[in-house]
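The chain contents come next:
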Amino acid sequence: MKSPLKLHVVCLGNIARSPAAHYLLQHYLDKEKKKKNIDVEFIVTSSGLSGGYYSGMEDYSEDYLREKGIVADNFVSSKSTSEVLKQQDLVLCMEQYMVDRIKRMIQGRTPLVLTYREAAGEKGDIEDPYGYAKPKYYKIMNQIDECTKKITERLLQGEIIK
């Protein structure tokens, strides 16, 4: 087996979007690898540009995952650091400004850095759901979920990382 591919999801606070995407991506990759008998290991992690100041995940994000049968117990928000980012094969950011900021942070050995929608073959940013009521929050979680399914397929087909 080859070395595991390291995937890292970034948002602002690492409490809403990136932890949800992190757990969804790991879930779908594991499920599809098993279903298709693919022998590639993926390690998915997440952080926030301003993360590490909060203890856990937003309740609605955790509820959304739980409703999908995904357990995210003991999640702790962490701050994006150049040391961690440089170790990744792919960094997925929720917004374009985050891509630009991360590229400045990790000069030198640079992993592939894309927006989440770009990795899904789409354009645009994923809005931050923090502070929204549940219906709007879940609408954004559904967008992340749909992008995650597309990213999973594209990763397994070798379309993002060769």
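Residues numbered from 1 in each chain as written. Predicted model: local features only at pLDDT ≥ 70, side-chain atom pairs only at ≥ 80, totals over all residues. Heavy atoms only, no water.

### Remarks on the sheet that holds strand β2 (residues 42-48)
The strand order across the open sheet formed by four strands is β2-β1-β3-β4, and the pairing between neighbours is parallel. Only two strands of the sheet have a single partner each, and these edge strands are β2 and β4 (112-115). The sheet shows a mean angle of 20 degrees between the axes of neighbouring strands, direction not considered. Pairing of strand β3 (residues 90-93) with β4 involves four bridges; the strand directions are parallel. Pairing of V91 across the sheet is with V113, part of β4. In this fold helix α1 (residues 17-36) packs onto β1 (5-11), β2 and β3, with an angle of close to 175 degrees to the strand it touches most, β2. (Pairing = 2+ DSSP bridges. Helix = DSSP H or I, 4+ residues; strand = E, 2+ residues; numbered from the N terminus. Axes fitted to C-alpha atoms, helices over the stretch in contact; angles between N-to-C directions. Contact = heavy atoms within 4.5 Å.)

### Description of the packing of α1 against helix α6 (residues 134-156)
Where α1 meets α6, the axes come as close as 9 Å, and the angle between the chain directions of the two elements is 40 degrees. Judged by the angle between their axes, α1 and α6 are oblique. At the point where α1 passes α6, the crossing takes the right-handed sense. Residue-level contacts link R17, A20, A21, L24, L25, Y28, L29, E32, K33 and K36 of α1 to M141, I144, D145, T148, K149, I151, T152, E153, L155 and L156 of α6. Residues of the contact of α1 with α6, tallied by class, amount to 11 nonpolar, two polar and seven charged. (Parallel < 35°, antiparallel > 145°, perpendicular 65-115°, else oblique. Left-handed = near helix turned anticlockwise from the far one by under 90°. Nonpolar A, V, L, I, M, F, W, Y, C, P; charged D, E, K, R; others polar.)

### Examining the nonpolar core
L7, L25, I102, Y116, I151 and L155 are the most contacted members of the largest nonpolar core, which totals 48 residues. With nine residues, the top contributor of residues to this core is α6. Sequence-distant contacts of L25, that is, excluding residues within four places in its chain, are made with L7, V44, L92, Y116, T148, I151, T152 and L155. (Core = buried A, V, L, I, M, F, W, Y, C linked by side-chain atoms within 4.5 Å. Buried < 20%, exposed > 50% of the residue type's maximum accessible area, 1.4 Å probe, protein only.)

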